[in-house]
Amino acid sequence: MSTHLHRRAVVADAHNDLLMAVAARPPERWGGFFRERWLPQLLAGGVGIQVLPVFVDDQYRPEGALRQTLRMIECAHVLAEANADRVALCRTGAEIDAALAGGRIALVLALESAPGVDASVELFSTLYRLGVRVASIAHWGRTPLADGSREDATGSRLTAPGVRAVREMERLGMLFDISHLGASGVEHVLELATQPLIATHSSARALRDHHRNLTDDQIRGVAGTGGVVCVNFVPDFLTDDPAKVSADRIVDHIEHIADVAGIEHVGLGPDFVREVIADVTPPCCENLDDEDPLFDFPGLEGPAGLPLVTEALERRGLPEEDVLRVLGGNVRRLLGACLR
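Residues numbered from 1 in each chain as written. Predicted model: local features only at pLDDT ≥ 70, side-chain atom pairs only at ≥ 80, totals over all residues. Heavy atoms only, no water.

## Let's talk about the pairing of strand 5 (residues 132-135)
For a regular strand, side chains alternate in direction, first toward one face of the sheet and then toward the other.
Consideration 1: The pairing of strand 4 (residues 105-111) with strand 5 spans three bridges and is parallel. Across the sheet, Ala110 pairs through a bridge with Val134, a residue of strand 5.
Consideration 2: As defined by bridge partners, strand 5 adjoins strand 6 (residues 175-177) across two bridges and the pair is classed as parallel. If you follow Val134 over to strand 6, its bridge partner there is Leu175.
Consideration 3: Taken together, strand 5, helix 7 (residues 160-172) and strand 6 constitute a β-α-β crossover, and its handedness is right-handed. (Pairing = 2+ DSSP bridges. Helix = DSSP H or I, 4+ residues; strand = E, 2+ residues; numbered from the N terminus. Right-handed = clockwise from strand over helix to strand, strands pointing away.)

Next up, the structure:
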């Protein structure tokens, strides 16, 4: 039954950094590497909508951030063109619907923390022209636009350029992503927002007290805009107990967010980052054996494991309609309403 339901679903993954791994290859390998390494995983997981964040590593910041941002955007276009039989880079809700109707995976470009933009907010318009439709303005630390969640002790709100960024994204029709934003910054965005918000990869702080997660008030705030909170699968954001790392723990967070905000405001933002980190870390510096053991998630290391989440949702007794909403229906609805 689970396999059948999963195949019926439009599965939407709101955050997968696979673009980092593809862009690390020579440009002539982009299309082929995606087809060989990542496309089979997406197909095995039944992914219908894949948000592709553009994340720029520290080695490129600050001087090379914009160049690397543009290179990764070009990579997304190239891999989509090289695999046009299976995927489509989509800019609007109508294009997403057309891709799905044609049996292709709809790819949606996103910016994670926008380091190539910084205070030059007018560049959001440029990046929008290139296909970017979702953006956040902070990661772990401080940016010219806002502070990330690891800087919560500062209590800082958005900077003046950060406020302009919210307004510019709303003008363009670009979804504002609050994941990674500091707590005071989230509150500031909730005060400013006149359009739906998304948290592409954040879990519930009530179940795991981690600065990367959202409080119940923040979850209600996102829902109040008509937005969606997409649960992050990184084990350290789900629990501090390795024995509880399972698909059922993901469902705990899904159910909590649904109880707080309504089932129509929760989705999936797995953040399958371990393979990406292993893939882009130079062999001379690789130290993955010393990673926090909570980083391991047997069975859910990548997109191919997504049917396990469907099985766990069914075991919990959620109605089929609600399972379909969580797996991707809610994110599809949000993208369809906001992307133009």
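What follows continues from the structure just given.
## Side note on the packing of aromatic side chains
Consideration 1: Counted by the stated rule, this structure contains one aromatic pair.
Consideration 2: With 5.8 Å between their ring centres and 85 degrees between their planes, Phe233 and Phe272 make a pair best called edge-to-face. Of this pair, Phe233 sits in the loop between strand 8 (228-231) and helix 10 (235-238) while Phe272 sits in the loop between strand 9 (266-268) and helix 12 (274-280), and the two are 39 residues apart along the sequence. Each member of the pair, Phe233 together with Phe272, is buried.
Consideration 3: Between the NZ or CZ atom of Arg25 and the centre of the ring of Phe33, over which it lies, the distance is 4.2 Å.
Consideration 4: Geometry around Tyr128 places Arg133 over its ring, the cationic atom sitting 3.6 Å from the centre. (Phe/Tyr/Trp six-rings, centres within 6.5 Å; stacked < 30°, edge-to-face > 60°. Buried < 20%, exposed > 50% of the residue type's maximum accessible area, 1.4 Å probe, protein only. Lys NZ or Arg CZ within 6 Å of the ring centre and 35° of its normal.)

## Some words on the packing of helix 3 (residues 30-44) against helix 4 (residues 65-82)
Consideration 1: It is at 8 Å that the axes of helix 3 and helix 4 come closest, and there the two elements cross at 65 degrees. The angle between the axes of helix 3 and helix 4 places the two elements in the roughly perpendicular class. Helix 4 is crossed by helix 3, and the crossing has right-handed handedness. Facing Trp30, Gly31, Phe34 and Arg35 of helix 3, the residues of helix 4 in contact are Arg71, Glu74, Cys75, Val78, Leu79 and Ala82.
Consideration 2: A breakdown of the residues in the contact of helix 3 with helix 4 according to their chemical character gives six nonpolar, one polar and three charged. (Axes fitted to C-alpha atoms, helices over the stretch in contact; angles between N-to-C directions. Parallel < 35°, antiparallel > 145°, perpendicular 65-115°, else oblique. Left-handed = near helix turned anticlockwise from the far one by under 90°. Contact = heavy atoms within 4.5 Å. Nonpolar A, V, L, I, M, F, W, Y, C, P; charged D, E, K, R; others polar.)

## Observations concerning empty space enclosed by the protein
To find leftover empty space, a probe the size of one water molecule is rolled over the atoms.
Consideration 1: Taken as a whole and judged by the stated rule, the model has four cavities of 30 Å³ or more.
Consideration 2: Estimates place the volume of the second largest cavity at around 70 Å³.
Consideration 3: Forming the walls of the second largest cavity are 16 residues, and the residues nearest its centre are Ser149, Leu181, His211, Asn213 and Leu214.
Consideration 4: Its residues assigned to classes, the lining of the second largest cavity shows five nonpolar, eight polar and three charged. (1 Å grid on protein atoms, 1.4 Å probe; cavity = no way out; pocket = protein on both sides within 12 Å on 5 of 7 lines; lining within 4 Å. Points joined across faces, edges and corners; volume = space filled by probe spheres on them.)

## Describing the layout of surface pockets
Consideration 1: A volume near 210 Å³ is recorded for the second largest pocket.
Consideration 2: What lines the second largest pocket is a set of 14 residues, among which Ala9, Gly46, Val47, Gly48 and Leu100 lie closest to the centre.
Consideration 3: Sorting the residues of the lining of the second largest pocket by element identifies helix 1 (2-8) and strand 2 (47-54) as the ones contributing at least two each.

## Observations regarding the environment of Gly269
Consideration 1: Counting through the fold element by element, Gly269 comes out in the loop between strand 9 and helix 12.
Consideration 2: Its relative accessible area of 0% is what places Gly269 among the buried residues.

## Regarding the environment of Val10
Consideration 1: Inspection of the secondary structure puts Val10 in the loop between helix 1 and strand 1 (11-13).
Consideration 2: Taking the relative accessible area as the measure of exposure, Val10 reaches 23% and is therefore partly exposed.
Consideration 3: C-alpha of Val10 to C-alpha of Gly64: the two residues are 54 residues apart in sequence and 37 Å apart in space.
Consideration 4: What Val10 contacts, discounting residues up to four positions off in sequence, is Ile49, Leu100, Leu327, Gly328, Gly329 and Arg332.

## Structural notes on the pairing of strand 8
Consideration 1: Across the two faces of strand 8 the burial is the same, with Val228 and Cys230 and Val229 and Val231 all buried.
Consideration 2: In the sheet, strand 7 (residues 197-199) pairs with strand 8 via two bridges, with the strands oriented parallel. Among the inter-strand pairings, Ala199 is bridged to a residue of strand 8, identified as Val229.
Consideration 3: Crossover handedness for the path strand 7 to helix 9 (residues 216-224) to strand 8: right-handed.

## Topic: a nonpolar patch on the surface
Consideration 1: On the surface, a cluster of nonpolar side chains totalling about 210 Å² of accessible area is made up of Leu66, Leu70 and Leu130.
Consideration 2: Within the element layout of this structure, Leu130 appears in the loop between helix 6 (123-129) and strand 5. (Patch = residues over 30% accessible without salt bridge, like charges linked within 9 Å, V, L, I, M, F, W, Y side chains within 5 Å. Areas by Shrake-Rupley, 256 points an atom, 1.4 Å probe, with all protein chains shown as cover. Salt bridge = Lys/Arg side-chain N within 4 Å of Asp/Glu carboxyl O.)

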